[in-house]
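Letter by letter, the chains look like this.
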Amino acid sequence: MSKKIDIFDTTLRDGEQVPGNQLNTEEKVILAKALENLGVDIIEAGFPVSSPGDFNSVVEISKIVKDVTVCALSRAIKKDIDVAGDALKYCKRGRIHTGIGTSHLHLTTKLKISQEEAIRRGSEAVAYAKRYVEDVEFYAEDAGRTDNVFLAQIIEAVIAAGATVVNIPDTTGYCLPEEYGAKIKFLMENVKNIHKATISTHCHNDLGLATANSIMGVQMGAGQIECTIAGIGERAGNTALEEIVMIMESRKDLPFSTNIDTTKLFPTSELTKELMGLTIQPNKAIVGANAFAHSSGIHQDGVLKNRENYEIIDPLSVGVSESSIILTARSGRAALKFRLSKMGYELETASLDKSYLEFLTLADELKVVNDNDLEMMMKGVKAAS
Ligand code: KIV
Ligand code: ZN
């Protein structure tokens, strides 16, 4: 039996904190609908007190989505919670996400309060948010660098105050997977009322460990993962939604599942990229332009014989129409023959050998050889350099 993990998408809140790529309300609504179709369980739609635009986006998204919980962020401040509650008023299923910094660094240099005061403010904020919604999530900001004993105390207090979900953010992406996993395990074993709430992971990618940490978190008992499309977000970004989902799909030995329609992963990433005006690194797992592209001779030959030789994911399963064979100077005869045959040229061994030599000269010059270049080569026309 696999455990269903809730996917909490924060593309529209933490993801949208990518500098210079903000979305307007109309764009946010388009993306929220796509996220609902993708099958996420919760959409964090914004931080309503931060600006009238963000407030409005949460209102409009609440009116439009039906099958998904809409979440609004707030600090542990009454005014923030009032504004978040107001923004969620049209919502079918609303959640307020409130919290406070808990690490020694945050308490002493940012908030300048004691641990006791943080517990008091956190618990009061949760209890206050309950007047607007039943579903209240508490975040312990910088939990990744928070002492586990204190973290357990504040988590126990906010659950007693009514928190339904407790978020353990590795805000600075500092934790190693074993460390983050041990933190979740510690909470599972030391917070008396932990069975009354769901533990959520929220990992940042400053050291490239966000996905590994999130997976460790669910292996140790977390029931929700917070993530963004293509891992976008401030600095090095957040846990990438598509990575989490495809780990659970590809590794059947892991006892986890999600409600995500994987065939919508690539189209949703393309939509996000387009709306936000982002470039996604070509080698990005699952949704990057090269995620299913093969350019070296040995790999191309292997893939043409059996795709699974060099691919663990069927591109169709994530909405990519097919694997691509990129012709470069590292490509072999098998790939050239395959491409030429798709273009209608069936070559015998001798003529293939001759064309292959011509192709290599062309590829050294052009780096990537496309169908047009090949057509000209076959017609004996010299390609423009
Ligand atoms: O990274 C973080 O700590 C956050 C919280 C506001 C949830 O984004
Ligand atoms: Zn974050």
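Because the structure is predicted, anything quoted here is derived from the model rather than measured.

Parameters at a glance
Residues numbered from 1 in each chain as written. Chains lettered and ligands numbered in written order. Predicted model: local features only at pLDDT ≥ 70, side-chain atom pairs only at ≥ 80, totals over all residues. Heavy atoms only, no water. Donors = N, O, S within 2.8 Å, 3.2 Å for Na, K, Ca; no water. Buried < 20%, exposed > 50% of the residue type's maximum accessible area, 1.4 Å probe, protein only. Helix = DSSP H or I, 4+ residues; strand = E, 2+ residues; numbered from the N terminus. Contact = heavy atoms within 4.5 Å. Axes fitted to C-alpha atoms, helices over the stretch in contact; angles between N-to-C directions. Parallel < 35°, antiparallel > 145°, perpendicular 65-115°, else oblique. Nonpolar A, V, L, I, M, F, W, Y, C, P; charged D, E, K, R; others polar. Domains from an automatic or database assignment. Buried area = accessible area lost by both parts, 1.4 Å probe. Polar contact = N/O pair within 3.5 Å; in protein donor to acceptor, adjacent residues only side chain to side chain. Phe/Tyr/Trp six-rings, centres within 6.5 Å; stacked < 30°, edge-to-face > 60°.

## Thoughts on the coordination of the zinc ion (ligand 2)
Piece 1. Coordination of the zinc ion (ligand 2) by the protein involves Asp14 (OD), His202 (NE2) and His204 (NE2), with metal-donor separations of 2.0 to 2.1 Å.
Piece 2. Here Asp14 falls in the buried class, since its relative accessible area comes to 4%.

## Some thoughts on the environment of Lys264
Piece 1. Looking at the element boundaries, Lys264 is found in the loop between β10 (256–257) and α10 (265–276).
Piece 2. Given a relative accessible area of 33%, Lys264 falls into the partly exposed group.
Piece 3. Distance from Lys264 to Leu316, taken between C-alpha atoms, is 9.9 Å for residues 52 residues apart in sequence.
Piece 4. With residues up to four places along the chain from it excluded, the contact list for Lys264 reads Asn37 and Leu38.

## Focus on the packing of helix α11 (residues 297–305) against helix α12 (residues 333–342)
Piece 1. Packing of α11 against α12 leaves a shortest axis separation of 7 Å and a crossing angle of 55 degrees. As judged from the angle between their axes, α11 and α12 are oblique. Within the contact between the two elements, α11 uses Gln300, Asp301 and Leu304 and α12 uses Ala334, Ala335 and Phe338.
Piece 2. A per-class count over the contact of α11 with α12 returns four nonpolar, one polar and one charged.

## Quick notes on the domain arrangement of the protein chain
How large an interface is tends to be reported as the accessible area lost when its parts come together.
Piece 1. Assigned domains of the protein chain: these are domain 1 (3–276) and domain 2 (293–384).
Piece 2. When domain 1 packs against domain 2, the two sides together hide about 480 Å² of surface, and 64% of this comes from carbon and sulfur.
Piece 3. Across the contact surface, domain 1 and domain 2 share three residue pairs in polar contact (both at pLDDT 80 or more).
Piece 4. For the side of domain 1 that touches domain 2, the secondary structure elements donating two or more residues are α9 (241–250) and α10.
Piece 5. Here the side of domain 1 that touches domain 2 takes three residues from α10, the largest share from any one element.
Piece 6. The residue inventory of the side of domain 1 that touches domain 2, partitioned by class, reads four nonpolar, three polar and no charged.

## Structural notes on the packing of aromatic side chains
What describes a pair of aromatic rings is the distance from one ring centre to the other and the angle between the planes of the rings.
Piece 1. In total, this model carries two aromatic pairs according to the counting rule given.
Piece 2. Seen from their ring centres, Tyr128 and Tyr132 are 6.4 Å apart, and the 75 degrees between their planes marks the pair as edge-to-face.
Piece 3. Residue class for Tyr128 comes out buried when judged on its relative accessible area of 13%.
Piece 4. Assessed through its relative accessible area of 36%, Tyr132 is described here as partly exposed.

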